[in-house]
Amino acid sequence: MRAIALGTLCNNACIFCAQGELRANESGPRPVAEEIARIEPGEIVAFQGGEPTLFEELVGWIREADARGARRIIVQTNGRRLAYRAYARALREASPRLALDVSLHGATEPMHDYHTQTPGSFRQTVVGVRHARAEGIETGTTTVITRSNYRHLVEIVALARGAGAGAVHLAGAERHGSATRASDRVLPPHELVRPHLARAVAEAERLGVAWLAGGKASSPEVRERFAGLGEVEAVTARETVDRLARTRLPVVSEALLGS
């Protein structure tokens, strides 16, 4: 997988953001022409931020990656700009191989907006996922598990599916960036997360949603829907729940949760 980092500029200010104060010094995208020129046919390419959709060049970069033969082009985004249907259409027209990894951190507006520290971000993100679905763009969501949302993972999975996501990624918050200073209110104890995560995985299976959680996945292919995650093991939700019943080891590792 070829990850192309565009910089830290973002229109959210998430309480767990790994880039933290680095965002304040960003004014534009990093040069990416040479990285795009190195794309090999058949590669998976991921555009990462910050927030990639803040850059007007993104549609052109996607088009160039497609022309160079990328097998899949992933944009990791908060999805807010896709609340404008015309923008969602422009992304879809740039490449039929485009997929979106959209950040969704709550089942309700107060829950999500608390994490992003950006009022109104929830509404735009959910509408953005719906517009992506309407335009035929393959879309998954990523939820960072925190003290404030771990009890609501089942509802978040259901919301993602209802909005049109075909996959969900449930990822532990890490002690980096903004979360370093606020770890006591961001990082949940893994023993508390464990049963809620198991139920969320089971709900994803029930709804027919592909899932990735704690290094496990519903299928090997789901890895391609998310950028930079490394190898995952394909298991079923039933096996995961059974494993939880047999062992004290968490599905989400201590390293993943930053504890």
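Note that this is a predicted model, so its numbers are computed, not measured.

(A) How the structure looks around the environment of Q76. Structurally, Q76 can be placed in strand β3 (residues 72-77). Within the local environment of Q76, its side chain forms a polar contact with the side chain of Q48, the two groups lying 3.1 Å apart.

(B) Fine view of the confidence of the model for the protein chain. Per-residue pLDDT for the protein chain has a mean of 83; in total, 77% of the residues score no lower than 70. This stretch, residues 227-259, has a pLDDT under 50; its non-local contacts, to residues over four places away or in other chains, come to 70 contacts.

(C) Expanded view of unusual backbone geometry. Residue G50 is reached from G49 by a cis peptide bond, and omega for that bond is 10°. Relative to the helices and strands, G50 resides in the loop between β2 (44-48) and α2 (58-67). Phi at Q117 takes a positive value of approximately 55°, unusual for a residue other than glycine. Topologically, Q117 is positioned in the loop between α4 (109-116) and α5 (121-134).

(D) Main features of α5. Compared with the 20 Å implied by 1.5 Å per residue over 14 residues, the 20 Å span of α5 between its first and last C-alpha is a close match. Buried within α5 are the following residues: S121, F122, T125, V126, G128, V129, H131 and A132. Just downstream of α5, G136 is the residue with a positive phi angle, here 80°.

(E) Examining the environment of R81 more closely. With respect to the secondary-structure elements, R81 resides in the loop between β3 and α3 (85-94). Residue classification places R81 among the partly exposed residues on the basis of a relative accessible area of 25%. In this structure the C-alpha to C-alpha distance between R81 and L54, which are 27 residues apart in sequence, comes to 8.0 Å. With residues near it in sequence (within four places) discarded, R81 still touches T53, E56 and Y87.

(F) Geometry of the packing of aromatic side chains. Using the criterion set out here, one finds 1 aromatic pair in the structure. Here the aromatic rings of F47 and W61 are separated by 6.5 Å at their centres, their planes lie at 15°, and the arrangement is stacked. With F47 in strand β2 and W61 in helix α2, this pair connects stretches of sequence that are 14 residues apart. Note on W61: relative accessible area 10%, which makes it buried.

(G) Structural view of the pairing of strand β6 (residues 167-172). Judged by how many residues are buried, β6 sits mostly within the fold: 6 of 6 residues are covered. Alternating residues of β6 divide into A167, H169 and A171 and V168, L170 and G172, and every residue in both groups is buried. Note that strand β5 (residues 138-145) and β6 share 6 bridges and pair parallel. Bridge assignment links I145 to a residue of β6, and that residue is G172. Viewed along the sheet, the connection from β5 through helix α6 (residues 153-163) into β6 turns out right-handed. Pairing of β6 with strand β7 (residues 210-213), which is carried by 4 bridges, proceeds in the parallel orientation. Residue pairing for β7: L170 is matched across the bridge by A213.

(H) Broad picture of the side chain of T118. For T118, the location among the structural elements is in the loop between α4 and α5. Classification of T118 as buried rests on a relative accessible area of 11%. The residues contacting T118, other than those within four sequence positions of it, are N11, N12, A13, R80 and D113.

(I) Representation of the pairing of strand β4 (residues 98-103). Burial runs high along β4: 5 of the 6 residues are buried. Note that β3 and β4 share 5 bridges and pair parallel. In the sheet register, I73 faces β4, and the bridge partner there is L98. Between the parallel elements β3 and β4, the chain passes through α3 in a crossover that is right-handed. Sheet topology note: the β4/β5 ladder contains 5 bridges and is parallel. Paired with L100 across the strands is T139, a residue of β5.

Rules used throughout
For every chain, the first residue of the written sequence is number 1, and numbering continues from 1 along that sequence. The predicted nature of this model means local features are confined to residues of pLDDT at least 70 and side-chain atom pairs, given and counted, to a pLDDT of 80 or more, with totals for whole chains, interfaces and linings taken over all residues. Think of the side-chain values as coming from all heavy atoms in the structure, minus any hydrogens and water. Helix and strand definitions here come from DSSP, where helices need a minimum of 4 consecutive H or I residues and strands a minimum of 2 consecutive E residues; each element is numbered from the N-terminal end. In protein, a polar contact requires one atom able to donate a hydrogen and another able to accept it; more generally it is a pair of N or O atoms within 3.5 Å, and residues adjacent in sequence count only if both atoms are side-chain atoms. Values of pLDDT, ranging from 0 to 100, describe the predictor's confidence in every residue of the model. Throughout, a residue-residue contact means that at least one pair of heavy atoms, one from each residue, lies within 4.5 Å. A helix is expected to reach a length of 1.5 Å times the quantity of its residues less one. Three exposure classes are used, based on accessible area relative to the maximum for each residue type with a 1.4 Å probe and protein chains only: buried under 20%, partly exposed in between, and exposed over 50%. Stacked, tilted and edge-to-face pairs are distinguished by plane angle, under 30 degrees for stacked and over 60 for edge-to-face with tilted covering the rest, among Phe, Tyr and Trp rings (Trp via its six-membered ring) whose centres lie within 6.5 Å. Strand pairing requires that DSSP identify at least two bridges connecting the strands. Looking down the strands as they point away from the viewer, one classifies a crossover as right-handed if the path from the first strand across the helix to the second runs clockwise.

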